[in-house]
Protein chains: 2
Amino acid sequence: MIPLSPRESARRRLLDVLRREGPLARVEIGQRLGMSPASVSDLTASLLDEGILVTEESGEHASGLLRGRPKVRLFFADTLGFVVGVWTGFNRIELRLVDSAGRNRASRHVERPLRNLEAEELMDVLAETITAFAAETGASDVKAVGLACQGYVDTRDGIVAWSPVLGARDLPLAAGLERRLGKPVLIENDASAMAFAIAQRNPDFRSGRTACLMVGDGVGLGLLVQGELYRGARSGGSEFGHVRLRRSGPQCRCGGRGCIEAYLADYALHRDAQLIDHRPAPTTLIPSEDSMEAIVAQARAGDPALLNLFQAAGEVLGDAVGILVQTLEPDHIVICGPGTRAMDLLRPSFEAALAIQTIPELRDLAAIHVVDSSMDLLTEGVVMQALRELDFDLARLKAA
Amino acid sequence: MIPLSPRESARRRLLDVLRREGPLARVEIGQRLGMSPASVSDLTASLLDEGILVTEESGEHASGLLRGRPKVRLFFADTLGFVVGVWTGFNRIELRLVDSAGRNRASRHVERPLRNLEAEELMDVLAETITAFAAETGASDVKAVGLACQGYVDTRDGIVAWSPVLGARDLPLAAGLERRLGKPVLIENDASAMAFAIAQRNPDFRSGRTACLMVGDGVGLGLLVQGELYRGARSGGSEFGHVRLRRSGPQCRCGGRGCIEAYLADYALHRDAQLIDHRPAPTTLIPSEDSMEAIVAQARAGDPALLNLFQAAGEVLGDAVGILVQTLEPDHIVICGPGTRAMDLLRPSFEAALAIQTIPELRDLAAIHVVDSSMDLLTEGVVMQALRELDFDLARLKAA
DNA sequence: GCACTTTATTCGCGAAATGAATAAAACAAT
DNA sequence: ATTGTTTTATTCATTTCGCGAATAAAGTGC
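Source: prediction; values computed, not measured.

Here we look at the sheet that holds strand E10 (residues 185–189) of chain B
Residues and elements named next belong to chain B. Spatially, E6-E5-E4-E7-E10 is the arrangement adopted by the five strands of the open sheet, whose pairing is mixed. Edge positions in the sheet fall to strand E6 (104–111) and E10, since each of these pairs with one other strand and no more. When the angles between neighbouring strand axes are averaged without regard to direction, this sheet yields 15 degrees. For strand E7 (residues 142–149) and E10, the ladder comprises five bridges, and the chain directions are parallel. In the strand pairing of E10, Cys149 is matched with Asn189. Against the sheet, helix H4 (residues 119–136) contacts strand E4 (82–88), strand E5 (92–99), E6 and E7, and its axis sits at roughly 45 degrees relative to E5. Lying on the sheet, helix H6 (residues 190–201) is in contact with E4, E7 and E10; it crosses E10 at an angle near 95 degrees.

See below:
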């Protein structure tokens, strides 16, 4: 919101590059950020002074002939405490503990249905789960929490306006958790978190415009412009998964029909596959990875009805990507999430639909990537953002 | 492309606000831009020095009691030459001459079919038309030309990658016109130009995210973020009008079927209306305003078949706006262009479709405006952008 | 003519970034 | 050992930029 001062922005870029590329010497930082050695010296001096960074003693010389003054690598002090990243699924909570450098220290997942909880109860459960996780991992000094969930999330005000996971609307989740935990809590749409994590790993996705389509429990979109998340009017992400592509399609969790999600999400494929097989209705809302794999395997073995299902899903995926291409003209489109497990089955109809949907000049422009991303990236993305917020606060606190 | 220096960016903002809000005193500029008087004094001193601005002598005191030192208003010198703005339609060229302050000095339109011309011939015709227009209006000193056209336009490289108006693909239109005219030429997608012009007139549209949907000869989208045009991978705009909403809909000019345009554009409504009336096929590709008005009048009079036509079009418009809401979460959506003439006929099905298509939380967020905009805004938008480019060059030239 | 009000300019300061000079810390060679 | 070479890091003076405060300017009202 408040535009960062030049100093704060340089500071942020410096810490970002250190988190991404491990310990770096000052010259290396200068090269990567296009800064003069003088500026880097200046910035790092204050960061060392504040105890945020430390110099690395271990002069483990890199291979090859080494002349000149040896590099002194800088990295985060390990006395700055930890941050917890959380992802809430339908009946599952993923947790991750990272240190101030963003390195994974512990991760865990807890099976816990969240769908039918009252708002207060839900926040109690989340707070307890987070506290227990921190205690079990021996992390006494958790500075902040980042939480990613499906739905329409107002990151600035910390409100979940709508979510298929939560029953409530306009839930002030961040404030509720902050009260319970006594720590700052950042909440974020999960597709946005995924997009951010993917962009941290691939520099290509940090320049220009990148649209990340996450297919899994639902379908979400995370949009990056110059490596930063695009934020809409309520600083939320996109509810692209609930664009209705077909006038009278299958039922969607949002209450509508024919949404992108209602064809592509795991729950949709699973539901339709079970109808085909005349098996009993699923006991849980979200199918297990095993059962999804079983459906995919059955389709790969040649089951014609299931092949039809994936063919229709691929077509919807092609239409969806086509809309993104025509509307946003992105440099990169990344298809990610568990749904990519069936990309071989989706691809023929996906590419056909994309070809029909788009003008060739535009289609050839966007590089389409299928990234095999685990759900780990969700907590990684949101925890990195929470860390960045913390950097910002540290800078503020020092100034005061 | 090259990031503007702080000075250059402040300079641009100053000239922008002067073009928008007429002659202004230095204090007034400071208030509007949130700059200190000292900074404004500094900036205006150099601009006066360079002869870009002049002080206004006419001390025509505003009404009411006036005490204190009188304001000295600043404005553009009128010795800086002119800029021509052009819009190319199917069989029509719109022209506009503005001075360096952006004030309209002359405008004209020429009936001239452009569809079936070869690339070289087309550029000859355009160059001749522009030269003749400048000569007729007595503008001896035209500094630059801005041209808006439908289709997928690469503004940075000056290439029309694809356009329904032009036969050619990947036409280096800017370079071709620059060679013929000996002046810099800026080309731009026409919906982007319209969006820019609309945002110049309404400050609400210059903050946050504004999506401008232009309905007329075709359907185009111009996207503004913080008052500046969003540019995609090839720095073009969007081809949103060619998103295919219906699997097997009516034929579109792009070669596909079921595009948004194929329901909403004038040519589509006119074509279908004539089929209904069993009248002969139209002689021109683009119907006249009169014939469109006739169709609308007949529908308003209660013709059931025509009402169906507008009902279907409204539904598509609702779906289109819904996609924008769900994907981009804009602060403002502006529906503009000649197509708004039938907004009363479109509105019921438009609103119903929008309600079905969107999640209430998101829908309530975006303010939807219907702006009765004349085609004049097209040339206005592109000419203002060409002027801004010129400011930029002036700053560069002085520095050298 | 004098007080008052509003507008504009000047001046000095501080933040930020940089190039150039300098210092530091090693190894290599004699 | 001493000196030179090479690379890394810091210091310092300079420039750009914007701003607050003081000052000057240009009117009106009495």
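After that view of the structure, there is still more to cover.
Some remarks on the protein's contact with DNA strand D
Around DNA strand D, the surrounding shell holds 22 residues, and the nearest of these are Ser41, Gly68, Arg69 and Lys71 of chain A together with Ser39 of chain B. Counting only atoms of DNA strand D within 4 Å of the protein, the fraction found in sugar and phosphate groups is 73%. Within the backbone of Val27 of chain A, an N or O atom sits 3.1 Å from a phosphate oxygen of DNA strand D. Between DNA strand D and Ser41 of chain A there is a distance of 2.4 Å, counted from a phosphate oxygen to a side-chain nitrogen or oxygen. Elements with a contribution of two residues or more to the surface near DNA strand D: helix H2 (26–33) and helix H3 (37–49) of chain A together with helix H1 (6–20) and helix H3 (37–49) of chain B. Considered class by class, the residues forming the surface near DNA strand D number eleven nonpolar, five polar and six charged.

Description of the protein's contact with DNA strand C
Taken together, 22 residues are adjacent to DNA strand C, and Ser39 of chain A together with Ser41, Gly68, Arg69 and Lys71 of chain B come closest. Of what DNA strand C places within 4 Å of the protein, 72% of the atoms are sugar or phosphate. Contacts to DNA strand C include Arg69 of chain B, whose backbone N or O atom sits 2.7 Å from a base oxygen. Take Lys71 of chain B: an N or O atom from its side chain is 2.5 Å from a phosphate oxygen of DNA strand C. Listing elements by their share of the surface near DNA strand C, those giving two or more residues are helix H1 (6–20) and H3 of chain A together with helix H2 (26–33) and H3 of chain B. For the surface near DNA strand C, the leading source of residues is H3 of chain B, giving three residues. Here the residues of the surface near DNA strand C sort into ten nonpolar, six polar and six charged.

Criteria and thresholds
Residues numbered from 1 in each chain as written. Chains lettered and ligands numbered in written order. Predicted model: local features only at pLDDT ≥ 70, side-chain atom pairs only at ≥ 80, totals over all residues. Heavy atoms only, no water. Pairing = 2+ DSSP bridges. Helix = DSSP H or I, 4+ residues; strand = E, 2+ residues; numbered from the N terminus. Axes fitted to C-alpha atoms, helices over the stretch in contact; angles between N-to-C directions. Contact = heavy atoms within 4.5 Å. Near = heavy atom within 4 Å. Polar contact = N/O pair within 3.5 Å; in protein donor to acceptor, adjacent residues only side chain to side chain. Nonpolar A, V, L, I, M, F, W, Y, C, P; charged D, E, K, R; others polar.

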